[in-house]
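Each chain, written out:
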Amino acid sequence: RQTDPWYVSSKDIEQNVVYISRNYDSESRERSSFLCHGFNWIAGRTAAEVAEGGLRCKVRHGPGIYDCVFCWVDGEGGTARVDIRGKDHGFAPGQYAVFYDGCTCIGSAVIRSMPEPLTS
């Protein structure tokens with residue numbers, strides 16, 4: 001419909017191009033992982049130090065919060081991969097991910113990109 005809102009679907013920073021779409025809920029946008037950096041830990045521990053099964057993350061506004069797994073990709077403090085339980089269609093570079101140990105906020109990071117799926 002002509003009155004439906006537009007959404008940023010991707011960016012090409014090198015070419016200075018922003019791609020937009022009206023298909024916000026598209027299955028092709030569903031992701032279960034993202035890479036993040038620029039960490040700000042506020043509780044005296046990192047996400048990697050949270051007991052297995054206790055880590056959760058939230059991206060964007062709204063009620064959605066996910067159980068997740070966190071692992072450093074290039075050394076502690078650099079880039080990390082976050083795999084959520086389930087799928088989300090709204091991850092985008094530049095958004096913040098906020099990490100929780102149960103109900104306690106422990107810090108945040110900036111989403112850098114969406115990685116290729118892990119292979120078995």
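Before any of the text, the structure's been laid out above.
Numbering of residues starts from 1 in each chain and follows the order in which that chain's sequence is written. Local features are withheld for residues below a pLDDT of 70 in this predicted model, meaning they are given only at 70 or higher, and side-chain atom pairs are given and counted only at 80 or more; totals for whole chains, interfaces and linings count all residues. Side-chain numbers here rest on the full set of heavy atoms in the structure, without hydrogens or water.

Caption draft 1: Highlighting the layout of surface pockets. Cavities and pockets were defined on a 1 Å grid built from protein atoms only: a cavity is a group of points that admits a 1.4 Å probe but offers it no way out, a pocket is an open group of points flanked by protein on both sides within 12 Å along at least five of seven lines, and a lining residue is one with an atom within 4 Å of any such point. Grid points are joined across faces, edges and corners, and a volume is the space filled by probe spheres set on the points. Empty space within the second largest pocket amounts to approximately 220 Å³. Glu-52, Gly-53, Leu-55, Cys-68 and Val-69 are, among the 15 residues lining the second largest pocket, the residues nearest its centre. Secondary structure elements are taken from DSSP: a helix is a run of H or I of four residues or more, a strand is a run of E of two residues or more, and numbering for both begins at the N terminus. Counting only elements with at least two residues in the lining of the second largest pocket, the list comes to β5 (66–72) and β6 (80–88). No other element matches the four residues that β5 contributes to the lining of the second largest pocket. Each residue receives one of three labels: charged for Asp, Glu, Lys and Arg, nonpolar for Ala, Val, Leu, Ile, Met, Phe, Trp, Tyr, Cys and Pro, and polar for the others, Gly being one of them. In the lining of the second largest pocket, the residues fall into nine nonpolar, two polar and four charged.

Caption draft 2: Structural context of the pairing of β5. Any two strands between which DSSP finds at least two bridges are classified as paired. With two bridges joining them, strand β4 (residues 55–59) and β5 adopt antiparallel strand pairing. Each residue of the ladder has a partner; that of Arg-56, found in β5, is Asp-67. Pairing of β5 with β6, which is carried by five bridges, proceeds in the antiparallel orientation. Its bridge partner being in β6, Val-69 is matched across the sheet by Asp-83.

Just distances and angles here, no functional claims.
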